[in-house]
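Structural description and commentary
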Amino acid sequence: MVDVVVPPVRISVGSRLAVRLRRFGEVAREVLRNPATVVGLFVIVAMIGMALLAPVLTEANTPDPYQMPRDWGALNEPPGTPGFPLGTTSHGGDVLYGVIWGSRTSLRLSLIVVGATVTIGLIIGSLAGFLGGKVDEILMRVVDVFLSIPELIFALAIAAVLGPSFRNIILALAVVFWVKYARLIRGQIIHVKGNDYVDAARVIGDSRFSIYRRDVLPNSITPIIVQATLDMGHIVLVGATLSFIGLSEAGLAEWGVLVSDGQAGISAGRWWASTFPGAMVFLWALAFNLVGDGLRDVLDPRTEKR
Amino acid sequence: MQIRDYVLRRLMILPLLVVGTSIIVFALTRIGGSPIGIYLSHEMTPAEVTELEERFHLDDPLPVQYFYWVSGVLRGDLGWSGVAAAPVTQVFPDKLGATMELAVAAGIVAVVLGIGLGTFAGARRNRLPDHLARVFSISGASMPVFWFAIVLLIVFWVYLGWFPTGRSDPNVFGRIAHPTGIYTLDAILAADFRAFLDALWHLTLPAITLGYGTTALIARMMRSSLVEELGEDYVDAARAKGLPERLVLRRHARRNALIPTVTVIGLSFGFLLQGTVVVEIIYRWPGLGRWMADAVLRGDQATIMAYVLFTSVLFLAVNLVVDVTYAYLDRRVVLGT
Amino acid sequence: MTPSAKPSPSPERKPLLVASVEDLAVHFQTKSGIVHAVDGVSFQIRDEETLGLVGETGCGKSVTARSFLRLIATPPGIFAGGRILFWSREARDHGNKPIDLLTLPLARLREIRGNRIAMIFQDPGKSLNPAMPIREQVAEVFYQHRSAELLAGLNGKVPATIRRHARQQTTVAERLLMRVPPLRSYGRKLRTRVDDMVGDALAETQIPNPRKIMASYPHELSGGMKQRVMIAQALACNPDLLIADEPTTALDVTVQARILELIRDLQQRRRTSVLYISHDLSLVKRICDRVAVMYAGRIAEVGTSGSVFEEHLHPYTRGLLAAIPARAHTRGELAAIEGTVPELVEPPPSCRFHTRCRYAVELCSREDPPLRGHAGTSHPVACFGYESANEWHAGPDGMPDLEAPTR
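Residue numbers run consecutively from 1 along every chain, following the written order of its sequence. Chains carry letters and ligands carry numbers; both start at the beginning, A for chains and 1 for ligands, and go up in the order they are written. With pLDDT at 70 or above as the cut-off, local features in this predicted model cover only qualifying residues; side-chain atom pairs require 80 or more to be listed or tallied, and sums for whole chains, interfaces and linings still use all residues.

A look at the overall build of chain A
The helix and strand labels rest on DSSP assignments: H or I over at least four residues marks a helix, E over at least two residues marks a strand, and numbering proceeds from the N terminus. The secondary structure content of chain A amounts to 12 helices and zero strands. Traced from its N-terminal end to its C-terminal end, chain A shows the element sequence α-α-α-α-α-α-α-α-α-α-α-α. Taking all 306 residues of chain A together, the buried fraction comes to 43%. Neighbour counting defines burial: a residue surrounded by 20 or more other C-beta atoms within 10 Å of its own C-beta is buried, one with 12 or fewer is exposed, and intermediate counts give partly exposed, using backbone-placed C-beta atoms.

Considering the overall build of chain C
Across its full length, chain C carries 15 helices and 12 strands. Buried residues in chain C amount to 42% of all 407 residues. Once local pairs closer than 6 in sequence are excluded, the contacts in chain C between residues at least 24 apart make up 65%. Contacts are defined on C-beta atoms placed from the backbone: any two residues whose C-beta positions lie within 7 Å are in contact.

Description of the pairing of strand β2 (residues 33-46) of chain C
Residues and elements named next belong to chain C. Burial runs high along β2: 11 of the 14 residues are buried. Here, a strand pair is defined by DSSP locating no fewer than two bridges between the strands. Pairing between strand β1 (residues 17-30) and β2: 10 bridges, direction antiparallel. Among the inter-strand pairings, F28 is bridged to a residue of β2, identified as V35. Linking β1 to β2, which pair antiparallel, is a turn of two residues.

What to know about the packing of helix α2 (residues 35-52) of chain A against helix α12 (residues 272-299) of chain A
If you want to describe how two helices pack, look at the angle between their axes and the distance between the axes. All names here are of chain A. Contact geometry of α2 with α12 gives a least axis separation of 8 Å together with a crossing angle of 135 degrees. Classified by the angle their axes make, α2 and α12 are oblique. Viewed along their axes, α2 and α12 form a crossing whose handedness is left-handed. Across the interface between the two elements, A36, T37, V39, G40, L41, V43, I44 and M47 from α2 touch L283, W284, A287, F288, L290, V291 and G294 from α12. We call Asp, Glu, Lys and Arg charged. Ala, Val, Leu, Ile, Met, Phe, Trp, Tyr, Cys and Pro are nonpolar, and the rest, Gly among them, are polar. Split by residue class, the contact of α2 with α12 holds 12 nonpolar, three polar and no charged. To obtain each axis, a line is fitted to C-alpha atoms, and for helices this fit is confined to the stretch in contact; angles are then taken between N-to-C directions over 0 to 180 degrees. Any angle that is under 35 degrees is reported as roughly parallel, and any over 145 degrees as roughly antiparallel; angles of 65 to 115 degrees are reported as roughly perpendicular and all others as oblique. Two helices that cross are described as forming a left-handed crossing if the nearer one is turned anticlockwise from the farther one by less than a right angle, and a right-handed crossing if clockwise.

A closer look at the environment of A244 of chain C
Residue and element names in this part refer to chain C. Looking at the element boundaries, A244 is found in strand β7 (residues 241-245). A tally of 29 C-beta atoms within 10 Å means that A244 is categorised as buried. With 16 residues separating them in the primary sequence, A244 and R228 have C-alpha atoms 12 Å apart. What A244 contacts, discounting residues up to four positions off in sequence, is I120, I263, V274, Y276 and I277.

With respect to the sheet that holds β1 of chain C
Reading across the sheet, the four strands line up as β2-β1-β4-β5 (chain C) and stay open at both edges, with antiparallel pairing between neighbours. Strand pairing shows two members of the sheet lacking a second neighbour, β2 and β5 (99-100) of chain C, which therefore form its edges.

Remarks on the sheet that holds strand β6 (residues 117-120) of chain C
Pairing between sheet strands relies on hydrogen bonds along the backbone, with the strands arranged either parallel or antiparallel. Residue and element names in this part refer to chain C. Spatially, six strands are ordered β6-β7-β8-β3-β9-β10 in an open sheet, and the strand pairing comes out mixed. What marks the edges here is a single partner per strand, and that holds for β6 and β10 (298-304). Strand-to-strand twist in this sheet, taken as the mean axis angle between neighbours without regard to direction, amounts to 15 degrees. As paired elements, β6 and β7 share four bridges and run parallel to each other. Looking at the pairing, I120 lines up with A244 of β7.

Quick look at the packing of helix α9 (residues 193-230) of chain B against helix α11 (residues 245-283) of chain B
All names here are of chain B. Where α9 contacts α11, the axes come no closer than 8 Å and their chain directions differ by 160 degrees. In terms of orientation, α9 lies roughly antiparallel with respect to α11. Note on packing geometry: the crossing formed by α9 with α11 is right-handed. Classifying every residue of the contact of α9 with α11 by side-chain character gives 17 nonpolar, nine polar and two charged.

What about the interface of chain A and chain B?
Listed as interface residues are 41 residues of chain A and, on the opposing side, 38 residues of chain B. Among the elements of the structure, α5 (133-148), α6 (151-162), α10 (208-247) and α12 of chain A are those that each provide at least two residues to the side of chain A that touches chain B. Class assignment for the residues of the side of chain A that touches chain B results in 24 nonpolar, 11 polar and six charged.

Observations concerning helix α4 (residues 95-131) of chain A
One less than the residue count of a helix, multiplied by 1.5 Å, gives the span that helix is expected to have. Its 37 residues give α4 of chain A an end-to-end C-alpha distance of 52 Å, which sits within 8% of 54 Å, the value for a rise of 1.5 Å per residue. In the stretch just after α4 of chain A, G132 of chain A is the one whose phi turns positive, near 60 degrees.

Re the pairing of strand β3 (residues 50-54) of chain C
Residue and element names in this part refer to chain C. Most of β3 is tucked away, with five of its five residues classed as buried. Side chains T50, G52 and V54 project from β3 onto one buried face, and the interleaved L51 and L53 project onto a second face that is buried too. Looking at chain direction, β3 and strand β8 (residues 273-278) are connected through five bridges and run parallel. Paired with L53 across the strands is I277, a residue of β8.

Overview of the confidence of the model for chain C
All names here are of chain C. In this model, chain C carries a mean pLDDT of 82, and residues with pLDDT of at least 70 account for 86%. Every residue in residues 8-12 scores below 50 in pLDDT, and together they form two contacts with partners more than four places removed in sequence or on other chains. Among the prediction metrics, the complex's ipTM stands at 0.87, with pTM recorded as 0.82. Confidence scores per residue from the predictor, reported as pLDDT, run from 0 to 100.

Observations concerning the confidence of the model for chain A
For chain A, mean pLDDT is 83; residues scoring 70 or higher make up 88% of the total. The spread of mean pLDDT over the elements of chain A runs between helix α9 (residues 196-204) of chain A, the lowest at 69, and helix α7 (residues 166-177) of chain A, the highest at 94.

A word on helix α5 (residues 128-142) of chain B
Here α5 of chain B contains 15 residues, and its C-alpha end-to-end distance of 21 Å stays within 8% of the 21 Å for a straight helix at 1.5 Å per residue. Regarding α5 of chain B, the residues found buried are A133, S137, I138, G140, A141 and S142 of chain B.

Overview of the environment of S278 of chain C
All names here are of chain C. Tracing the chain through its elements places S278 in strand β8. Sequence-wise, S278 and T161 are 117 residues apart; in three dimensions their C-alpha atoms are separated by 45 Å. When residues no more than four places from it in sequence are discounted, the contact partners of S278 are G52, V54, E246, L283 and V284.

Observations concerning unusual backbone geometry
All names here are of chain C. A positive phi angle is found at D23, which is not glycine, with a value near 60 degrees. Along the polypeptide, D23 turns up in strand β1. One non-glycine residue, E48, lies in the positive phi region at around 60 degrees. Along the chain, E48 turns up in the loop between β2 and β3.

Digging into the environment of S126 of chain A
Residue and element names in this part refer to chain A. Relative to the assigned elements, S126 resides in helix α4. Each C-alpha atom of the pair S126 and V95 lies 45 Å from the other, and the pair is 31 residues apart in sequence. Excluding residues within four positions of it along the chain, S126 makes contact with I185 and I189.

Structure representation (structure tokens):
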């Protein structure tokens, strides 16, 4: 019985990619094993499809397709009226149009905001993690302050101060939601910094940046992906709430705005103008939550014993 | 010992965070147009406006302005609310009572139902009740409060007519005195049963709407910590002593599972606070949230700033209390094991 | 499979049994299939003896131990067959009829848990509820099983609520009511009585200052102290059988010896039988009367401590003992057993050890050797090497060597 000594092997870039791809396939398979996640994925695909195909699926009668169409001849029609399967609003807007274009608006909103927040968060978090010391302290205090203000209220105040518009909602959400990512990446950097491996790598002469690229980033990707997926749903939820309260442009084909416009008709029994768009917000958030949860179970599981 | 250090550390950071928050609020007031917008009211003469400008040192650099703004706040001057046509600090207490009543009611519902549901599901892991509870939890986290409120209204108010909107029937409400500003309490104090019922009747739908998401959150946390505790060795050891399963659950697993659940309560409070804005709009509840919503739409900056400041400080305080309680309860945490 | 034969007893003196495991099979549902963790295990525990169950990690000894009290989560566990017979002292006095622990209704099993059969676990730090004072945890055993004694100490007519409290059967309302004066004094008297009993139990395990320990939380105690508490708890109701699952593995070496002594001492005084699970051979040799060696879910051999360790009939035991560095071995050589424990997912019929066995023959890969006595062996062993024609001679390293054709 002799110990076998394994000589150090240099893995070439090509095969490392192959390993990564294979691992990706395994993860994907594991994720798809959960029926709830699969359902969520379907819904997301359907919604994104709807969003991308919106110009094809519907016809606008205003110059800006993002505005709800107005048909003064068909006010407050209930669902089922010919030509208006989901009914019309008090301005004669086709609810179905709102539902479909709303998904486009939501997709725009969530993609821009999530993209922005991940980027900002990564930058700030990396700065804090790498530079350490005073910079880290200050940045983390800033993060803490941001976290002490409840998200919705913070976004509400910012959007209110900037003035009601869709663009300002995007801005407000971006300002509020970057913090989690900053924390994530900073935590990962701190963790890697504590590894002996880093010292060994420095001795060999690896630069801090390559360590960052090779160790910190890959390990952080999974929690960031999970968080970003969840945020895709959450951002639309908060955005719709802000629109509902009135911080968006009037007449926009956005789910929150539609729900708000439809509110007035409720006491008269006109339920459709609010219910359908609102249901879409729910579905959107639900789908992303299901997928995000499924991802988290696979990528970051807490082992449940026995 | 360690708990004391932990508490001290948190207490020392707290003022820092409050100051940080106030800086953000101050920055927002400056961004939002006229720097003294929050103090202006329609009746002011140009002379009074100039006097205001001087008082708050608008010609001086920002940090000075900040200082004067803060001293104003500490003196109780939070500006003039255009929406309420009165100083902010005057209107605040009434609305605060209404919102607190709603939030507390929703909180009670959420805690009781959430813990119950979570325990029920956790003890029956991976069986039907657990799956149903999971669905409930996820729907709670995805539920747009404004939509849920509207759906409930449509069903229970428009079609079934079981529940009302608003906070009270004005006739009943006007009959009793309101020392606390909390309708249910006032009704008890006045020994007016009808008023008490009226209060509860109006409270039901809004509290359920507001509490839904939080119930789901608490249930989820409770379930997962119960499952974790049930996997621990001491639970098996308790069974080995011959204890019936209900005692194992109650005295050992559930009691210990409640501890991490406490941490979620701090978060939940934040959600409840945020939810009140929307819930109050839809149910026409005369509280802080609705006031804030109107302020947002009509550019009433004083209210907005006061609201942000208030909710943040409250949020910080609640989180601090929760974290300290948790550290005290969980001796494992204290020892760092 | 034939049950193990009792090693040459004189016909008039059949040893009294406390428990008899017959063909126990426990399986687990896993993602990769059904794992046969315990697959046809049989052995007996005699009255007032300490039986050691030895084997490496993963051989199924813990699962076997837990099966006595059915402490296995089902799912994913499955009790796939066999019986565990148990003779309590009471039963022995009344006709000596055993009960099958595996088919006993849960309510009756609970009467036995902590009462007639008690168990102590490996890591006392994890087996005690970290958020409960010692006093409360130990008291639970008394409330559960000795409530009659508790109530006997109270004078006068004891209210029903108090009686139910002694049996831990109160509702929330009743517990609130107990804070009110008439019930409160009864409650206090009951508590004093319980405290006395707990204190006595702790003192028996030589815990210094029991009252102070009672008020403490587990994390305030040392490992050895915690294990004493567990032992006190286990022996509180004078069980007929104590199952000790590696009780000293998580303790410092110096503390180990004292705990072992304590267990031995208490066992002798109370005349309890002990099933001692361990992977530490030297330890088992010291304190066990008889030993059963377990490998990959089956028993390899079982006999008195002396004969197993001296004759080490089964090749696995042989390998284990050779692996212990002893002064007799030349320095620089560690004899490990080649190979690894086989996967126990739906295993084919074969000797579980044959892939690592120096003496394996073709038969060993086709059939399961039964555990039984053979001509010329002092105790039962499960190995085809002992079938008729094979002979064992002294080998070059001083250990017996099988002379039958090898691989």
